[in-house]
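Residue strings, one per chain:
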Amino acid sequence: GLTFDAPKGILIEEDTEDTFLLNNSRFYITIHSLDSDDMKKEELTDLLKGFADDDGVQIKSEVSSWDLEQFHTYYLKGIAEGDPCYCMCLMTKDAGSIFYVSVIYNRTDDKTVEKMLKSFKMEEE
C-alpha cells in the first residue's frame, strides 16, 4: 500500500514481496520493506546509516528528518556510484512498518528528488 509520485517514464525493474526497483535515464530508485519487529523510531538513524554504508554511499551528510503526515522520516544525502543520492528510512506512525528508500539520480535537482521523497503515502486498504 506504499505509494509515491514517481518520475515520468520510470520502469519497474524488479517487484518482489519486499523489494521494488525502478529506473530510467535519470533515476535509480530502490524501496525495501524491512522487518520492523520491536524497532523504535530512535533506532532509524543508525539503521539508515548502516544501509547507506552497505549501498556504498560516500561523502554522507548528517541525518535529517521530515515530519510527514503518515511517517517518521529520516534521510541523508551522499554520493553513490559517482552520482548524488538520497537515502531515507520511513516508519509508519500507526503500524510501525519500516521502509528503506534509495534514490540515485543525475541531470535533475535536489528539490525535484525531495518533492518525490516527501510524496510517500500509505493507502488505506
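All values reported here derive from a predicted model rather than from experimental measurement. (Residues numbered from 1 in each chain as written. Predicted model: local features only at pLDDT ≥ 70, side-chain atom pairs only at ≥ 80, totals over all residues. Heavy atoms only, no water.)

Undergrad: I'm lost on the overall build of the protein chain in this one. Help?
TA: A count of helical and extended segments in the protein chain gives two helices and nine strands. Of the regular secondary structure in the protein chain, the N- to C-terminal order runs β-β-β-β-α-β-β-β-β-α-β. For the protein chain, whose C-alpha radius of gyration is 14 Å, the value lies close to the compact-globule estimate of 14 Å for 125 residues. Along the three orthogonal principal directions, the C-alpha set of the protein chain runs to about 40 × 30 × 25 Å. For the protein chain, the proportion of its 125 residues judged to be buried stands at 38%. Just so you have it, the protein chain exposes about 7,400 Å², and 45% of that area is on carbon and sulfur atoms. Averaged over its 13 positive side-chain charges, the protein chain has a centre that lies 11 Å from the centre of its 27 negative ones. (Helix = DSSP H or I, 4+ residues; strand = E, 2+ residues; numbered from the N terminus. Rg over C-alpha atoms; globule rule 2.2 N^0.38 Å. Buried < 20%, exposed > 50% of the residue type's maximum accessible area, 1.4 Å probe, protein only. Areas by Shrake-Rupley, 256 points an atom, 1.4 Å probe, with all protein chains shown as cover. Lys, Arg positive; Asp, Glu negative; His and termini not counted. Charge placed at Lys NZ, Arg CZ, Asp CG, Glu CD.)

Undergrad: When you look at the sheet that holds strand S3 (residues 19–23) in this model, what are you seeing that I'm missing?
TA: Backbone-to-backbone hydrogen bonds join strands into a sheet, with any given pair of strands oriented parallel or antiparallel. Spatial strand order, S2-S3-S4-S8-S7-S6-S5: seven strands in an open sheet with antiparallel pairing. Each end of this open sheet is capped by a strand with a single partner; those strands are strand S2 (11–15) and strand S5 (64–67). Looking at each pair of strands side by side, their axes are set apart by 20 degrees on average, direction ignored. On the sheet, helix H1 (residues 44–54) packs against strand S4 (27–34), strand S6 (71–80), strand S7 (83–92) and strand S8 (98–105) and is oriented at approximately 30 degrees with respect to S6. With respect to the sheet, helix H2 (residues 110–117) is in contact with S4, S5, S6, S7 and S8, its orientation differing from that of S8 by roughly 160 degrees. (Pairing = 2+ DSSP bridges. Axes fitted to C-alpha atoms, helices over the stretch in contact; angles between N-to-C directions. Contact = heavy atoms within 4.5 Å.)

Undergrad: Where do I start with the nonpolar core in this structure?
TA: Nonpolar side chains in soluble globular proteins tend to end up buried together. Residues Ile29, Val103, Leu117 and Phe120 are the most contacted members of the largest nonpolar core, which totals 21 residues. Ranked by the residues each element gives to this core, the list is headed by S8, at four residues. When residues no more than four places from it in sequence are discounted, the contact partners of isoleucine 29 are Phe4, Pro7, Ile10, Phe20, Leu21, Leu22, Ser102, Val103 and Met116. The next biggest cluster of nonpolar side chains, apart from the first, holds 15 residues, and it includes Leu34, Leu44, Ala52 and Ile104. (Core = buried A, V, L, I, M, F, W, Y, C linked by side-chain atoms within 4.5 Å.)

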